[in-house]
Amino acid sequence: MLASQVQKISGENPLACYQCGNCTGSCPMEFVMDYGPRRLIHLLQIGYDDEVLKSNTIWICASCYNCTYRCPRKISFTRMAFALKNIAMKKNIIPKKCKAFYETFLKHVLNYGRLNESLFINELVLKGGKDFSEIVRDINLGIKLWRKGKLKMKISKIDGVKDIVKLYNLTKDVIK
Amino acid sequence: MKLGLYPGCSLEGLENSYLVSLVKSFEALGINLEEIKDWNCCGATAIPSINVEFSYLLVARNLALAENSGLNIVITPCSECYNRLAYVNYKIKNDEAFKNRINNYLKEIGLRYDGNVEVKHPVDFLVKSFGIDKIKQKVKKPINKRVASYYGCLFVRPREISIESAENPRTMDQIVEAIGGKPVNYGFKTKCCGASIIITRSDAALKLIRNILKSCKDNGAELIVTSCPLCHSNLDMQQEIVVKTFNEDIKIPVLYFTQLLGLSLGLNEKDLALDKNLTYEMIKL
Amino acid sequence: MKIVVIGGGLSGLQASIELADHGYDVIIVEKEPYLGGNALYLHKYFPSYPLDCSYCIQSCRDSTGIRKCFYRSGIHSIENIKIYTLSEIKDIKEENGRFKIEIIKRPRYVDENRCVNCKRCEDVCPVTIQDNYSKRKAIYINDQGIPPVYTIDIKSCKKCGKCLEVCQTNAINLDDNEKIFEEIVDRIIVATGFEEYKPYDIIEYKYGKSSFVITQFELAKILSQQKKGLIVNGRKINRVLMIQCVASRDVRRFKYCSKICCLYALKHAIMLKELDNEIDIYIAFMDIRSYGLYEFWYSKARELGVKFIRGRPGSIEEHEKHLKVYVENTLEQKLQEIDVDLVVLSSALVPNKSSLKIFKLLGIETDEYGFAYEDSKIVSISGTASQIRDVPETIKSSISSTLKFLDPIITEEIKKRREEAVMMMYKTFTC
Amino acid sequence: MSIGVIICRCNGVIDLDFDKLRDEISDNDVKVFVRNAICIDKEPWSELKKNNISKLVIAACSPQFHERTFRNMLKNVTLSVPFSIVNLKEHVAFVHRDKKLSYEKSKAMIKATIEKMKNIKEETIVEEIKPNKNVLIIGAGVSGLKVAECLERLGFEPIIIEKNERIGGIIERLPKIYPYNVSGKEFLNNIIKNLRKTKIITNAEVSSVLGKFGNYSVTVIRRENNTIEIMNFRVPCIIIATGIEEWKPFDITYLKYGRVPNVITQLELSEKLMRNEDIKANRIFMQLCVGSRDEKFYNYCSKMCCIYTLENAIELRKRGKEVFIGYMDIRTIWKAEELFNEARKLGIKFIRGKVANVTEKNGVLKLSVENTLENVVEDIEVDLLVLSSALKAPDTNKDLSQILDVELDEHNFFKKLYYKLREIETRKRGIYVIGSSTGPKSIEDCIIEAKATAKKIATEVFLPRLRPRAPSVIDEKLCIGCQICYKVCPHRAIEMIITGDGEKARVLVENCKSCGACVANCPTGAAQLEGYTTEQMLQYIETLIKEAKMDKKIATFVCYECGYAALDMIGIKRLKYSESYLIIPVPCLARVGMLDIFKALSSGADGVLLIGCLENGCHYLKGNEYATYLVGICKDILDAIGVEKERIDIIKVTNADYYKLYEKLVEFHKKIISLPKLEVGK
């Protein structure tokens, strides 16, 4: 059951939702989603697990917590979306761009303990995290940033990288 | 009372100007910050998406390090980091089972966190702990501008960590008022700017940015101040792209509130890294 | 003042206690062998959590505590309450402002004044009757029922006489006959109550056709027998679907909303979850009406993982090992097919069948469904005879129904009677 | 002075070696009679009368069935003696197999009861109060006015205290009330015109309440035009009818209530309609469940809003307006369903969803709301947004609850004595609570509650003997004024008074329900309850445990309510459990003290089990809660002195859950067997 898995990971119970629709009405990203948050929770409730995991909704959620703030049942869709992303990623159901983004992010955290933004963006482009049109569009911006001296290539790495990796390995199998 | 600082990756990287201006303006107010040693990335929205449990631990490690070095308050300028740190801190303080679970993991790397640290956003710190009146006394060059404060999502939501009303916050406007500016009231104060999806779904995110800029402009703002590096990078860095995409005149300078504060306190533009803003050229003070 | 209470359910009992407490003489007429009405079979009740047991009424003024189980309330031995069970009112005649009522009492075959409830007859009785939900002998007692005496189900009794042999108080008389009693009373309280509509006429739901389509009241009876897991008609139940608003909120049948079915559906869902967490429960609804402070039950059920489907099932197909329910999920705009083991219908609640006759005798007007409208000076309607109520409302309505019969002047005789009853209570030191 | 013991054979169900039993328990003072079917046979009772006994032990079946039967029997033979009942049927004969052990258990229980009866004193009569005919009603809403009307008819002279200037409460503001089809004002006027002897005091508040049932003394302060008037009343009963008020949804900021003039609450709209004001808006959106059914504000359903919202919507629709209603579930219960049908037919548009954003421009509101049935976020432009805001308890409830010393529930409504059957009473006798003071109620409910309360008051006040049962007594000489009893008393039946000898506790006899909480917790033994005094209990326990000659003994404290009933039920169902369970009945688990538990263990019991009512279901409100604490403490003590703490346990059940109790009995016995013999004195 996906719903119970979500509850286990996020602590939020999708079944407790009354389906009032306040979340969807409040969602800034609703216009690009396959399903609004309410609908997604409903699909979870009735056990349409595949639809849930395949929908783009969870990847579009901007984690703005607007739904969470307004929910009359004190349920957080945002946190449910995190849990769903965890599960989807484990099952490798993930849009290409997102995959590049998250993998690179994780790599940075595990390698350096921090995110080195300039390097991160470079790697992202190489990994296919950006469409060609986006790259073209962003070139101008890149040049500007370079001129301003905002892009620095020095890598910062923390001493505790070892510990971070250890923590990661401990929690790697929490999601099945 | 020992004040700590958790800068976060963004302030180390592209948005270094926030860090610079924060430290400088706080110094000018007589506040000294001590950076947490060997802090790590808070995980932002990315790591929770990959593994929720791991994301808690990333935060817990930072909190444990802060507690170890005797810090009582950790100032977290980045709203994203604030959101993660404050939320996990809240959970640890209020959920005994969660606390034990986290500490079981932390034991493996020789750490422990007992929940003695308070996580604060600088805006919150200035308004509620430091005091508006004290800021007023130190203002040398009042900023006589109509300023739209953009709060973004993550330091007013979710409810557990919210500093104030998520629908109509006032704290940053209070600072703006204190330094002589005129706060602008507009509807998009806490609407999402789409920072977490600017890379994966930039088309949608650009639309959100455009709405915010337009609302500010329509309500007669001359400046926007932000309190989050991600909001800033969206409103500032992406502004040109937004203007091009939607072909609308919604250009407006975007500053960190710390930069504006620093200016009013008499610091110079260079010290506050004002020139690093992409909308710097538009700023006429 | 002598008052007859027609109907010995929760409401009738409460009204009787109120009147007896006030010192009046009360006659209860109940058509079943035992007092208690619907509550006897409901096992557990709203609105308390953890669920409280249903065999509970306010205790009389001369006993301890604030409430008692039916059987231990001692109503059967209160001096100013007279109980006619297995009885029905045949006729009511008005005479000089008082009423002469004729009561027909069907035989119990056990003398109520001789049976000591020693249970030996039950032990020797060779006839076992297994109905859908429980097992009993031909000579039986309701464990919670009042009066606490045995009854013989004469239809199944083989008249072997074994019970006669063991009964040392000679309480059993297999040749017992119908008797007619006459009573003169001043006032009448009608507490005939409600019953569940048996939805045979809703053909698509297959009630009566399939043994795995039952009503909520039947589920309550089943639940009272279950110890671990749910087994119905020998089948282990893993998936249950409840259908709300069956025949109610339906202009063809009953236009009104039956008010409490949402509540007990939620109650049963929670009880099932507590009985066996593995059971999947679906509730198909139009609106969940957990009104007022009962909202707690809705959120509780949601949190326990009961699944709610907004939609009214169109049809049910019976297959060999399961039932297939077709329901439009209106929040999905999609037709869903759900395979379940058991379908529970939250059927409409309607006035008790026998109440119509009483209303006619007394000239009480009713609405189109048979719920009583207005009561007169000498007749009072109590509890669910006039509208569907939950338990607390029933209780309050019963108390309030006695108000108009109260006389501000208390006679010396009544005073003395009360005094004696209370004095006797002081002497008891069991508790 | 002799004690009679009458043992019933119950047609041979109770089958003991009666000769041996007679030998063992008879002595000079104790006379034993073994008879059959004493519940129907009058002969044994006249025999008792002849033998001139002064106290009586009845060893028969459950007193729960037949206590009153035996009382009637005694009354019939005019024998007025104190008596106690031992249950040999449901607690022995039906549940045990071993004859020898059953005999031991029966004997021990009878002997212990005899010991207890030896010490029983005749009750002392206290003076009686003559209650007057006033009743104080707090709140002049529909419930308050209605109850005054009912009480007047019964000869009372009620006094109504209203904190506002106007009377009528929330109903006064409604243009049409369901199902009466009249305006709220008209409805109230129909009640008010019947009031003749009732005194209504507006602008007044209760400032203090002292005393007990039958004689509460109340101080009322009246403020008007800067003058303060203080009044004192003596009343037998007080009725709380403070009602409910509408929440102003300022806190849900995105709905813009209070910031935009054309966002109003439903009752504000009702007031406008009541005043026949012209509603200029043409398109109106009504949102239900604003703040109610919301975990962040009021998590209950306000029950009434659906109905008055529909009334208003229908009215506006009839005036030709376009009306939308945003809802989660429409809750038109019972026949109010016809309102829903009518609204649908009139073309009111129902949108299943909640307004999420409101933007205003030139007086036009743009709402965005998800239509959950269509899966689209709709943008609707309207001229007026009406919020059916939650109904909440008035803030003044907090002060009032302190003044009256009655509890509030988690929503700040007044707590009922018992949520199922005693909804109009509170923990303090003579203080009633009606109408919406206990939660949102329909007008019909308020009327019914008002009537019911009038009935209850009439019965309680008219009839003699305001005292219930034998109350507990506090010995002033032993009392040290520690206030423990005052604090534990669940019914607030103890007051602290100042004497020449310092502060002392005194029992408010009329309010006492004889649960024994004060006795169990009194550190000096000043508080006593006849039949369950410290001495009587200890003696009972000691005799019971010592007389039972068996291997393992478990002292089983059973509350006389659900606990006893569930234990009886196991008997009726003939489930078998061990003979080791020796029954100690107590009125409520509140009576069980630490002393009693350790007395049982030191007398030779191997385990102690407490059986009480369900959580939230204690018949004396707090007994099982206290017992749970007590068990926890006793476990800790046992742990500290090196005794297995599993020897003590508590279970909370109801009659319907008898099987759970049965399983517990089997399991607990198994556990006790597995433990070594408890060395007394260790």
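Nothing here was measured: the structure is a model prediction, and the numbers come from that model. (Residues numbered from 1 in each chain as written. Chains lettered and ligands numbered in written order. Predicted model: local features only at pLDDT ≥ 70, side-chain atom pairs only at ≥ 80, totals over all residues. Heavy atoms only, no water.)

J.: Even after reading the chapter, I still don't get the overall build of chain B, so can you show me in this structure?
T.: Regarding its fold elements, chain B presents twelve helices and eight strands. For 285 residues, the compact-globule estimate of 2.2 N^0.38 gives 19 Å, and the C-alpha radius of gyration of chain B, at 19 Å, lies within 12% of that figure. In terms of overall dimensions, chain B has a C-alpha envelope of 55 × 45 × 30 Å along the principal axes. Put simply, chain B has 285 residues, and 67% of those count as buried. Taking all contacts inside chain B whose residues are at least 6 apart in sequence as the whole, residues at least 24 apart take part in 76%. (Helix = DSSP H or I, 4+ residues; strand = E, 2+ residues; numbered from the N terminus. Rg over C-alpha atoms; globule rule 2.2 N^0.38 Å. Buried < 20%, exposed > 50% of the residue type's maximum accessible area, 1.4 Å probe, protein only. Contact = heavy atoms within 4.5 Å.)

J.: Got a minute to help me understand the packing of helix 3 (residues 63-76) of chain D against helix 16 (residues 562-572) of chain D in this structure?
T.: Residues and elements named next belong to chain D. Where helix 3 meets helix 16, the axes come as close as 11 Å, and the angle between the chain directions of the two elements is 105°. Comparing the axis directions of helix 3 and helix 16 gives the class roughly perpendicular. Side by side, helix 3 and helix 16 meet where Pro63, Gln64 and Phe65 of the first sit next to Tyr564, Ala565, Asp568 and Ile572 of the second. For the contact of helix 3 with helix 16, a count of residues per class yields five nonpolar, one polar and one charged. (Axes fitted to C-alpha atoms, helices over the stretch in contact; angles between N-to-C directions. Parallel < 35°, antiparallel > 145°, perpendicular 65-115°, else oblique. Nonpolar A, V, L, I, M, F, W, Y, C, P; charged D, E, K, R; others polar.)

J.: How do you make sense of the arrangement of the chains when you look at a structure like this?
T.: Looking at the five pairs of chains with contacts, the pair that accumulates the most is chains C and D. There is a clear gap between chain B and chain C: no contact, and 19 Å between their nearest C-alpha atoms.

J.: So what exactly am I meant to see when it comes to the interface of chain A and chain C here?
T.: Note: interface size is frequently given as the accessible area lost on complex formation between the parts. At the interface, 16 residues of chain A touch 14 residues of chain C. Across the salt bridge formed by Arg73(A) and Glu303(C), the nearest N and O atoms sit 3.4 Å from each other. Counting the contacts that link chain A with chain C gives eight residue pairs in polar contact (both at pLDDT 80 or more). Ranked by residue count, the leading element in the side of chain A that touches chain C is helix 3 (residues 37-45) of chain A, at five residues. Here the side of chain A that touches chain C is built from residues that sort into eight nonpolar, four polar and four charged. (Salt bridge = Lys/Arg side-chain N within 4 Å of Asp/Glu carboxyl O. Polar contact = N/O pair within 3.5 Å; in protein donor to acceptor, adjacent residues only side chain to side chain.)

J.: Any chance you could explain the side chain of Arg39(A) here in plain terms?
T.: Relative to the helices and strands, Arg39(A) resides in helix 3. Other than its neighbours up to four places away in sequence, Arg39(A) contacts Leu331(C), Glu332(C) and Asn375(D).

J.: What's the story with the packing of aromatic side chains in this structure? I'm lost.
T.: Centre distance and the angle of the planes are the two values used to describe a pair of aromatic rings. All told, the structure shown has 44 aromatic pairs over all chains when counted by the stated rule. Judged by centre distance (4.9 Å) and plane angle (75°), the rings of Tyr256(C) and Tyr369(C) are edge-to-face. With Tyr256(C) in the loop between strand 20 (239-246) and helix 6 (261-275) and Tyr369(C) in the loop between helix 8 (355-362) and strand 28 (379-381), this residue pair connects regions lying 113 residues apart in the sequence. Across this residue pair, the class does not change: Tyr256(C) and Tyr369(C) are buried. Site record: aromatic cluster; members linked through ring pairs are Tyr197(C), Phe254(C), Tyr256(C), Tyr369(C), Phe371(C) and Trp334(D). The aromatic ring of Trp39(B) is capped on one face by Arg114(A), whose charged end is 3.5 Å from the ring centroid. Positioned above the aromatic ring of Tyr140(C), the side-chain terminus of Arg136(C) is 4.1 Å from the ring centre. (Phe/Tyr/Trp six-rings, centres within 6.5 Å; stacked < 30°, edge-to-face > 60°. Lys NZ or Arg CZ within 6 Å of the ring centre and 35° of its normal.)

J.: How do you make sense of the nonpolar core when you look at a structure like this?
T.: Nonpolar side chains tend toward joint burial in soluble globular proteins. Counting 381 residues, the largest nonpolar core has Met29(A), Phe105(A), Phe54(B), Leu126(B), Met242(C), Leu342(C) and Phe285(D) as its most contacted members. In terms of residue count, the dominant contributor to this core is helix 4 (residues 52-68) of chain B (eleven residues). Setting aside residues no more than four positions away along its own chain, Leu342(C) makes contact with Phe212(C), Ile214(C), Leu219(C), Leu230(C), Val232(C), Ile237(C), Arg239(C), Val240(C), Leu241(C) and Leu323(C). Residues Val81(D), Ile120(D), Val507(D) and Ala605(D) belong to the second largest nonpolar core, which totals 130 residues. (Core = buried A, V, L, I, M, F, W, Y, C linked by side-chain atoms within 4.5 Å.)

J.: I would appreciate a short explanation of unusual backbone geometry in the present structure.
T.: Of all residues except glycine, most have a negative phi; of all peptide bonds, most are trans. Note that the residue after Arg157(B), namely Pro158(B), is joined by a cis bond; omega there is -10°. Among the secondary structure elements, Pro158(B) is positioned in the loop between strand 5 (146-150) and helix 8 (171-178). The amide bond that connects Ile146(C) to the next residue, Pro147(C), takes the cis arrangement and shows omega of -5°. A positive phi is found at Gln333(C), a non-glycine position, where the angle reads about 50°. Residue Gln333(C) is classed as partly exposed on the basis of its relative accessible area of 40%.

J.: Hey, could you run me through the pairing of strand 1 (residues 3-8) of chain D in this one?
T.: Successive side chains on a regular strand alternate, one facing one side of the sheet and the next facing the other. All names here are of chain D. The element strand 1 is largely enclosed, with a buried count of six among its six residues. Burial along strand 1 is two-sided: the residues Ile3, Val5 and Ile7 and Gly4, Ile6 and Cys8 are all buried. Pairing analysis gives five bridges linking strand 1 to strand 3 (residues 55-60), with the strands arranged parallel. Considered in strand 3, the bridge of Ile6 is made with Ile58. One ladder, built from six bridges, connects strand 1 with strand 2 (residues 30-35); its direction is parallel. Its bridge partner being in strand 2, Gly4 is matched across the sheet by Lys31. Taken together, strand 1, helix 1 (residues 18-25) and strand 2 form a β-α-β motif whose crossover is right-handed. (Pairing = 2+ DSSP bridges. Right-handed = clockwise from strand over helix to strand, strands pointing away.)

J.: Where do I start with the domain arrangement of chain B in this structure?
T.: All names here are of chain B. Looking at chain B, the domain boundaries give domain 1 (3-120) and domain 2 (138-282). In this structure, domain 1 and domain 2 have C-alpha centres spaced 24 Å apart. Contacts between the two partners involve 23 residues from domain 1, matched on the other side by 29 residues from domain 2. Here domain 1 meets domain 2 over a buried area of about 2,200 Å², counting both sides, of which 70% is carbon and sulfur. There are zero salt bridges connecting domain 1 and domain 2. At the surface where domain 1 touches domain 2, the tally comes to eight residue pairs in polar contact (both at pLDDT 80 or more). Of all the elements in the fold, those that place two or more residues in the side of domain 1 that touches domain 2 are helix 1 (9-12), helix 2 (16-29) and helix 5 (79-94). A total of nine residues in the side of domain 1 that touches domain 2 trace back to one element, the largest contributor, which is helix 2. Residues of the side of domain 1 that touches domain 2, tallied by class, amount to 13 nonpolar, seven polar and three charged. (Domains from an automatic or database assignment. Buried area = accessible area lost by both parts, 1.4 Å probe.)

J.: I keep staring at the interface of chain D and chain C and nothing clicks. Help me out?
T.: Listed per partner, the contact involves 120 residues of chain D and 111 residues of chain C. Together, the buried faces of chain D and chain C total about 10,100 Å²; carbon and sulfur atoms form 56% of this surface. Connecting chain D to chain C are 18 salt bridges. Here Glu561(D) ties to Lys68(C) by a salt bridge, and the two come within 3.0 Å at their closest N and O atoms. Residue composition of the side of chain D that touches chain C, by class: 56 nonpolar, 22 polar and 42 charged.

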